[in-house]
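Listed here are the chains, written in short residue letters.
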Amino acid sequence: MNTRAAPGGRASSAPLIGRDREPTLFEMSVPGRSAFQLRTTGIPVRPLAELLPAELLSESPTDLAEVSERDLVAHFTRLSHRQFSVDLGAYPLGSCTMKYNPKVCDMVAAMPGLADVHPAAPVSMIQGWLELMVELEDALCEITGMAAATLQPSAGAAGELTGLLLMAAYHEANGDRRRRVLIPDSAHGTNPASAALSGYEVTTIPTDERGLVDLDALRAALDTDVAGIMLTNPNTAGLFEEDIAEIAAEVHKIGGLLYYDGANLNAILGVVRPGDMGFDIIHMNLHKTFATPHGGGGPGAGPVAVSQRVVDFLPGPKPTKLEDGTFGWSTPSKSIGRVHGWHGSALVLARALTYIKVHGGEGLRLVAERAVLNANWLRHRIAEHYPTAHDRICMHEVVVTGTALKRATGVRALDVAKRLLEEGFHSPTVYFPLIVDEALMFEPTETESLQTLEALAEALDRIAIEAHEHPDEVIAAPRTTPVRRVDEARAARNLIPTEDARG
Amino acid sequence: MPDYMPHTEAEIESMLAFLDLGSIDELFDAIPKALQVVGGLAMADGMSEPDVTAEMERLAAANRGAASRLVCFAGAGAYDHEVPPVVRALAGRGEFVTAYTPYQPEVAQGILQAIFEFQTLISRLYGLPISNASLYDGAASVTEAINLAVTASKRQRVLLSTGVHPTWRSVVKTFATGTGHDIVEVGLVDGRTDLASVAGLDDVGTVVVSQTTYLGTLDDLSAARALCDEIGAVMVVVADPVLASVLKSPGAMGADVAVGEGQALGTALSFGGPYLGLFACSADQVRRLPGRLVGETVDEEGRRAYVSTLRAREQDIRREKATSNVCSNQTLMAVTTAIQLGWLGTHGLAEVAARSISSTRYLADAVTGIDGVELLLPGVPVARDVAITTPLSGQLLLERLADEGFLGGVALSALTQEGDGSIDPALRSRAVVMSATERRTAVEVERFAEAMAKVIR
């Protein structure tokens with residue numbers, strides 16, 4: 001490795017000016033100030049009382065804020081400076097796939113002709129959008145080994161709920177009422193939450209000492225009351241469920257379906273496909289695997305692809321290529337109905353298709369290879385101080401345990417995560433999966449360089465040594481961030497969710 | 001093949017050597033060989049960014065209905081409002097766009113404070129003390145509101161006004177198959193929910209009405225409140241956040257929960273997404289609130305700080321007992337909305353609302369001056385949408401208007417696939433919902449009316 005090259009992903013040089021709080025928009029407000037400018041329309045603005053029943057009108061406009069454009073720009077620019085992001089530096093947040101978001105995708109999402117299309121425009125006027133969606137559906141089906149997909153779900157959790165309703169509709173069409181869904185104890189919290197909303201009871205399947213689904217426990221839980229199983233593969237411990245073919249056979253044997261939580265799809269792009277593993281329903285997180293930006297918490301997009309046996313139940317209306325070569329809408333024969341007010345997160349879908357087209361099939365496989373290579377290199381590199389929970393080759397992320405460190409020094413996983421912020425890196429995911437004590441989950445992604453990984457590892461080494469020598473220093477971190485550790489208990493006890501609730 | 005991945009061949013070799021592996025393929029040894037993809041995915045090769053851009057431009061050009069090509073008189077839940085350069089520039093900042101959910105508040109104060117400001121703005125517009133940090137879209141918000149209301153009332157039966165946007169009602173019905181909620185749709189008479197038609201219905205725990213219906217009419221929220229008081233139901237009001245600046249707020253009208261679509265507050269038409277689900281409620285429902293909530297607190301040094309709070313409601317902690325399964329939401333749209341409302345300010349939003357109402361009336365007057373064009377609901381006041389009928393089918397009218405350079409509205413037959421029983425089917429097929437925002441000019445309206453007169457002749 002080139003040891004002279006500086007790590008591109010370390011953000012420890014990020015300047016932070018000053019120690020003061022940023023005022024709110026409302027604190028900056030001065031009555032009479034304004035920033036807005038509207039078109040000159042030539043249409044007279046009539047008094048509202050002439051147009052609407054007076055008793056429905058408020059006496060004065062809702063008080064918002066009154067600021068100048070200059071102050072608006074300054075305020076939100078300063079807020080942006082108080083925010084870590086992928087653009088700023090490495091974000092090895094496990095389970096979240098915080099890879100670089102190519103700027104070309106932003107440009108496509110803002111393109112006139114895509115960004116300014118009304119969702120209810122007639123089909124003759126949206127041929128480009130329909131073609132784009134059909135092409136994306138085809139690509140996602142090829143990547144996952146599925147027969148058809150819906151692009152409507154807004155995010156992963158919406159995809160899960162959609163998938164589970166598809167599962168229920170499938171069973172119901174067979175005259176089969178099943179009440180239970182199996183979910184491993186390592187699963188994302190959205191899995192059981194979605195199962196509850198789809199009317200299913202959750203049976204939790206334990207993880208064995210390998211970090212994989214306990215096959216004996218699975219077999220014991222399977223009966224004809226089981227609608228299906230929700231699995232993440234690779235699982236949340238970053239390990240591939242190598243018994244997947246056997247699991248699929250067992251679940252199918254009792255008439256159940258297999259649901260694939262696509263949160264970790266990045267690890268297997270072009271290497272293995274959920275459809276080929278035996279899955280029937282899968283959601284994808286386009287905002288993870290296909291590099292659409294997370295937007296500080298959203299928007300996402302959670303398309304759901306299904307095997308042939310579930311195709312007829314997909315939500316509609318669905319973008320469809322017609323026999324005459326044009327594009328239209330169609331609704332599958334036994335559709336569960338709409339799951340989105342319009343057609344899904346369309347601009348996110350356009351970004352994802354852009355990303356897929358830039359990579360092509362071969363490029364997507366390279367994504368998986370390098371994501372897994374990076375995670376394993378980091379796993380091996382930090383093993384001295386941060387042993388893995390399960391000592392084997394991982395996939396795109398690695399879960400280490402801080403149990404020994406905590407026992408020896410009193411420094412917890414959370415403290416390591418906070419101290420890492422001072423080193424110019426975003427924290428890993430901590431305390432997840434729940435099955436690993438003092439879990440620290442790193443997902444470096446394929447877009448970080450070896451130099452960045454080395455700098456991250458060196459920072460982690462320093463923190464471990466400091467934990468032994470000066471544990472209080474680690475526990476006091478972070479000190480160089482816009483704010484230090486925050487009083488979460490106070491936030492909950494003395495709830496201030498708006499400017500107006502401040503006492 | 002483009003390179004968003006920084007690895008050189010030499011680095012890959014050294015990394016494999018460090019791992020004591022002979023090849024990349026060995027990383028995947030845990031995956032049974034029989035399952036692995038052989039010969040690569042059946043997909044086109046990767047293309048350069050400029051080549052992909054050209055392809056996406058081709059697709060964009062095939063969208064004849066784009067607002068950059070046709071003058072947009074379509075509304076019905078998605079509106080062509082001004083989004084100025086300053087809002088686009090600020091909302092497009094990489095720090096906002098490429099951040100994750102603010103789980104580490106020390107390095108996420110930017111997003112957290114912007115959400116706090118968003119929550120304040122929505123709370124004020126809706127006249128309720130609590131606003132969450134956003135949900136997916138209006139349809140998701142009304143679905144979640146029903147989930148909250150059913151939990152709070154402990155009654156499964158829900159009265160859902162057909163004044164609520166038709167596609168949102170479809171979404172509600174889809175998800176009700178999972179929750180088991182009993183959704184009873186209540187039709188409109190003269191643009192208001194016909195609550196009398198369901199008088200005496202037992203076990204109703206939730207009443208959902210829309211302050212302005214999808215036909216543009218204003219519903220009777222006082223009657224809905226009176227019904228809720230009588231039967232002890234939770235009142236959910238769907239409210240347009242732009243109109244909320246000039247109408248009495250849902251909270252002032254007695255709503256327990258107010259929800260809506262926030263697209264009109266800074267988000268482009270976007271072919272329907274990503275949009276912004278708004279969700280506000282009374283203080284006594286805060287522990288049933290779906291999704292994230294940001295609260296103010298202090299850091300170790302006593303400085304003001306913001307953090308996600310009341311987290312014990314959420315799926316990553318409560319799992320199957322969570323108030324909702326939502327995880328990713330629409331934070332970027334919420335931040336955008338805070339910026340847009342900062343730009344508009346108190347008087348700007350009221351001006352946009354007043355102009356949208358005035359201009360929609362101006363539009364209605366212009367087109368109903370044409371022989372054969374009638375209001376669907378004569379004499380009923382409308383706000384920012386108006387439904388008209390012409391001698392042509394709605395679809396045909398829109399096709400012909402497109403040839404004249406206009407997106408003339410939304411055909412009711414496309415919006416309400418099955419109808420809702422409130423509108424005569426013969427009229428429905430000839431009805432179009434139209435809207436004029438503050439971006440439409442008198443000249444555009446006049447030309448539009450001329451075009452309509454021409455195409456229906």
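The model shown is predicted, which means the values in this text are computed figures rather than measured ones.

Asks: Where do I start with the overall build of chain A in this structure?
Replies: The number of helices and strands found in chain A is 16 helices and 12 strands. Taken over C-alpha atoms, the radius of gyration comes to 25 Å for chain A, in line with the 23 Å a tight globule of 503 residues would show. Taken over the C-alpha atoms alone, chain A extends approximately 75 × 65 × 45 Å along its principal axes. A sequence separation of at least 24 residues applies to 71% of the contacts in chain A between residues at least 6 apart. With the model as given, the accessible surface of chain A reaches about 16400 Å², and the carbon-plus-sulfur share is 49%. Mean positive and mean negative side-chain charge positions of chain A (45 and 64 charges, respectively) differ by 3 Å.

Asks: Explanation requested: the packing of aromatic side chains in the structure shown.
Replies: The description of an aromatic ring pair uses the distance of the two centres, along with the angle that the planes make with each other. Enumeration according to the criterion identifies 13 aromatic pairs over all chains in this entry. Ring geometry for Trp329(A) versus Phe271(B): centroids 6.4 Å apart, planes at 15°, classification stacked. With Trp329(A) in strand β9 (residues 327-330) and Phe271(B) in the loop between β9 (257-261) and β10 (277-281), this pair bridges two chains. Exposure remark for Trp329(A): the relative accessible area of 27% places this residue in the partly exposed category. Ring centres of Phe73(B) and Phe406(B) lie 6.2 Å apart, and the angle between their planes is 40°; this geometry places the pair in the tilted category. Of this pair, Phe73(B) sits in the loop between β1 (71-72) and α3 (85-91) while Phe406(B) sits in strand β15 (residues 406-407), and the two are 333 residues apart along the sequence. As far as the burial class goes, Phe73(B) and Phe406(B) line up, both buried. Site record: aromatic cluster; members linked through ring pairs are Trp129(A), Trp329(A) and Phe271(B). Directly above the ring of Phe28(B) sits Arg365(A), whose terminal nitrogen or CZ lies 6.0 Å from the centroid. A cation over an aromatic ring shows up here: Arg384(B) above the ring of Tyr79(B), its NZ or CZ 3.7 Å from the ring centre.

Asks: Sorry, what's going on with the domain arrangement of chain A here?
Replies: All names here are of chain A. Along its sequence, chain A is organised into domain 1 (107-358) and domain 2 (364-489). Computed over C-alpha atoms only, the centres of domain 1 and domain 2 are separated by 30 Å. Between domain 1 and domain 2 we count one salt bridge in total. Salt-bridge contacts for Glu-242 lead to Arg-392; the nearest nitrogen and oxygen are separated by 2.8 Å. Run the count over domain 1 and domain 2 and you get five residue pairs in polar contact (both at pLDDT 80 or more). Across the side of domain 1 that touches domain 2, the residue classes break down as 14 nonpolar, 10 polar and four charged.

Asks: Please explain unusual backbone geometry as it appears in this structure.
Replies: Keep in mind that most residues, glycine aside, have a negative phi and that most peptide bonds are trans. For the bond running from Phe432(A) to Pro433(A), omega is 0°, close enough to zero to count as cis. For Pro433(A), the position within the fold is in the loop between β11 (429-430) and β12 (439-442). In this chain, Ala477(A) is followed by Pro478(A) through a cis amide linkage whose omega measures 0°. Positive phi is not limited to glycine here, since Ser95(A) has a value of about 80°. Structurally, the position occupied by Ser95(A) is in the loop between α2 (69-81) and α3 (103-109). Residues other than glycine seldom take positive phi values, yet Asp190(B) does so here, at roughly 50°. Relative to the helices and strands, Asp190(B) is located in the loop between β5 (188-189) and β6 (192-193). On the basis of relative accessible area, Asp190(B) is assigned to the exposed category, the value being 55%.

Asks: Sorry if this is basic, but what is going on with the sheet that holds strand β5 (residues 257-262) of chain A here?
Replies: As a general point, the strands of a sheet are linked pairwise by backbone hydrogen bonds and lie either parallel or antiparallel. Residue and element names in this part refer to chain A. If you trace the seven strands from one edge of the open sheet to the other, you get β1-β7-β6-β5-β4-β2-β3, paired in mixed fashion. The strands lining the two open edges of the sheet, one partner per strand, are β1 (148-150) and β3 (201-205). For this sheet, the mean inter-axis angle between neighbouring strands, taken without regard to orientation, is 25°. On the sheet, helix α4 (residues 127-144) packs against β1, β6 (281-284) and β7 (304-306) and is oriented at approximately 120° with respect to β1. Along the sheet, helix α5 (residues 156-173) makes contact with β1, β2 (180-184), β4 (226-231), β5, β6 and β7, crossing β5 at roughly 170°.

Asks: Help me out: how do you make sense of the sheet that holds strand β10 (residues 398-401) of chain A in this one?
Replies: Residue and element names in this part refer to chain A. Read across the sheet, three strands follow the order β10-β12-β11 without closing on themselves; strand pairing throughout is antiparallel. The open sheet terminates on both sides in strands that have one partner only, identified here as β10 and β11. Of the strands in this sheet, β11 and β12 touch helix α13 (residues 413-422), which is tilted by about 40° from β12.

Asks: I keep staring at empty space enclosed by the protein and nothing clicks. Help me out?
Replies: Rolled over the atoms, a probe with the dimensions of a water molecule shows which regions are left empty. Within the structure shown, the criterion is met by nine cavities of 30 Å³ or more. In this structure, the largest cavity encloses a volume near 260 Å³. Taken together, 24 residues make up the lining of the largest cavity; nearest its centre are Gly77(B), Tyr79(B), Trp168(B), Thr212(B) and Asp240(B). For the lining of the largest cavity, the residue count by class is 11 nonpolar, nine polar and four charged. Residues lining the lining of the largest cavity come from more than one domain, with at least three contributed by each of domain 1 (71-75 + 346-455) and domain 2 (87-338) of chain B. A volume near 210 Å³ is recorded for the second largest cavity. Lining of the second largest cavity is provided by 18 residues; of these, Leu161(A), Tyr136(B), Ala140(B), Thr143(B) and Phe175(B) occupy positions nearest its centre. Only α5 of chain A together with α6 (138-153) and α7 (166-179) of chain B provide two or more residues apiece to the lining of the second largest cavity. Counting residues per element, the lining of the second largest cavity draws most heavily on α6(B), which supplies four residues. Taken together, the residues of the lining of the second largest cavity sort by class into 10 nonpolar, six polar and two charged.

Asks: Honestly, helix α10 (residues 331-368) of chain B in this entry has me stumped. Any pointers?
Replies: Structurally, the α-helix is built with 3.6 residues per turn, so residues lying three or four positions apart point the same way. All names here are of chain B. If you check α10, its first and last C-alpha atoms are just 41 Å apart, much less than what 38 residues at 1.5 Å a residue would give, namely 56 Å. The largest bend along α10 reaches roughly 95° and is located at Gly-345. Of all 38 residues making up α10, 31 are buried, and the element is well covered by its neighbours.

Asks: I'm lost on the pattern of salt bridges in this one. Help?
Replies: Here the idea is simple: oppositely charged side chains can pair when their charged atoms come close. Residues and elements named next belong to chain A. Within this structure, the stated rule accounts for 74 salt bridges over all chains. A salt bridge links Glu-466 to Arg-419; its shortest N-O distance comes to 2.9 Å. One end of the pair, Glu-466, is in helix α14 (residues 450-469); the other, Arg-419, is in helix α13, with 47 residues separating them in the sequence. By the burial criterion, Glu-466 is buried, and Arg-419 matches it. Its salt-bridge partner being Glu-423, residue Arg-462 comes within 2.6 Å of it at the nearest N-O pair. A residue pair is termed long-range when its members are at least 10 positions apart, and Arg-462 in helix α14 and Glu-423 in the loop between α13 and β11 qualify at 39 residues. For Arg-462, a relative accessible area of 37% gives the class partly exposed. The class of Glu-423 is buried, set by a relative accessible area of 5%. Through salt bridges with shared partners, a single ionic network connects Arg-10, Arg-419, Glu-422, Glu-423, Arg-462, Glu-466, Glu-473 and Arg-479.

Asks: Quick question: what am I supposed to make of the nonpolar core here?
Replies: Trp129(A), Ile268(A), Leu286(A) and Phe290(A) are the most contacted members of the largest nonpolar core, which totals 119 residues. For this core, the element with the most residues is helix α11 (residues 346-381) of chain A, which contributes 16 residues. Residues within four places of Ile268(A) in sequence aside, it is in contact with Asn233(A), Pro234(A), Phe240(A), Tyr260(A), Pro274(A), Met277(A), Ala368(A), Met395(A) and Ile31(B). Core analysis: the next-biggest nonpolar cluster, separate from the first, contains 96 residues, Val87(B), Phe96(B), Val198(B) and Met235(B) among them.

Asks: Sorry if this is basic, but what is going on with α14(A) here?
Replies: The terminal C-alpha atoms of α14(A) lie 28 Å apart, and with 20 residues this matches the ideal 28 Å at 1.5 Å per residue to within 8%. Of all 20 residues that make up α14(A), 15 are buried, and the element is covered over most of its length.

Asks: Looking at this structure, I do not really get the interface of chain B and chain A. What am I missing?
Replies: How large an interface is tends to be reported as the accessible area lost when its parts come together. With 191 residues of chain B at the contact, the number on the chain A side is 203 residues. Carbon and sulfur atoms supply 64% of the area buried between chain B and chain A, which totals about 17000 Å² over both sides. By the criterion of area lost to chain A, the three top residues of chain B are Tyr100(B), Glu106(B) and Phe271(B), representing 6% of everything that side buries. Taken together, chain B and chain A are joined by 11 salt bridges. Here Asp63(A) makes a salt bridge to Arg124(B), at a shortest N to O gap of 3.9 Å. Taken together, the connections running from chain B to chain A amount to 94 residue pairs in polar contact (both at pLDDT 80 or more).

The rules we used
Residues take numbers from 1 onward in each chain, read along the sequence in its written order. Whichever chain is written first becomes A and whichever ligand is written first becomes 1, with later ones labelled in order. At least 70 in pLDDT is required for a residue's local features to be given in this predicted model, at least 80 for side-chain atom pairs to be given and counted, and no such filter applies to totals for whole chains, interfaces and linings, which use all residues. For the side-chain quantities, the full set of heavy atoms in the structure was used; hydrogens and water were omitted. Numbering goes from the N terminus for both helices and strands, where a helix is a DSSP run of H or I of at least four residues and a strand is a run of E of at least two. Our radius of gyration looks at C-alpha atoms and nothing else; its globule reference is 2.2 Å times the residue count to the power 0.38. Only heavy atoms enter the contact rule, under which two residues are in contact if any of them lie within 4.5 Å. Surface accessibility follows the Shrake-Rupley procedure with a 1.4 Å probe radius. Residue values consider only the protein chains on display as shielding. Charge counting treats Lys and Arg as positive and Asp and Glu as negative, with His and both chain ends excluded. A charged residue contributes its charge at one atom only: NZ of Lys, CZ of Arg, CG of Asp or CD of Glu. Here a Phe, Tyr or Trp ring, Trp counted by its six-membered ring, pairs with any other such ring whose centre lies within 6.5 Å, and the pair is stacked when the planes are under 30 degrees apart, edge-to-face when over 60, and tilted otherwise. Working definition: with a 1.4 Å probe on protein chains only, accessible area under 20% of the residue-type maximum means buried, over 50% means exposed, and in between means partly exposed. By the criterion adopted, a ring carries a charge over it if an Arg CZ or a Lys NZ lies within 6 Å of its centre and within 35 degrees of its normal. Domain ranges listed in this record stem from an automatic or a database domain assignment. By convention in these notes, a salt bridge is any Lys or Arg side-chain nitrogen within 4 Å of a carboxyl oxygen on Asp or Glu. Definition of a polar contact: a pair of N or O atoms within 3.5 Å, with one able to donate and the other able to accept a hydrogen when the atoms are protein atoms, and with sequence-neighbouring residues admitted only if both atoms are side-chain atoms. Under this grouping Gly is polar, as are all residues other than the nonpolar Ala, Val, Leu, Ile, Met, Phe, Trp, Tyr, Cys and Pro and the charged Asp, Glu, Lys and Arg. Strands are treated as partners if at least two bridges between them are detected by DSSP. To obtain an axis, a line is fitted to C-alpha atoms, over the contacting stretch when the element is a helix, and the angle between two such axes runs from 0 to 180 degrees between their N-to-C directions. Space inside and on the surface of the protein is sampled on a 1 Å grid over the protein atoms alone, with a cavity defined as a set of points where a 1.4 Å probe fits but cannot get out and a pocket as an open set with protein on both sides within 12 Å along at least 5 of 7 lines; lining residues have an atom within 4 Å of a point. Grid points are joined across faces, edges and corners, and a volume is the space filled by probe spheres set on the points. The span you would expect from a helix comes to 1.5 Å times its residue count less one. What the bend at a residue measures is the angle between two axes, fitted to the seven residues ending there and to the seven starting there. In these notes, a set of buried Ala, Val, Leu, Ile, Met, Phe, Trp, Tyr and Cys residues joined through side-chain atoms within 4.5 Å is what counts as a nonpolar core. Computed with a 1.4 Å rolling probe, the buried area is the accessible surface lost when two parts are put together, summed over both parts.

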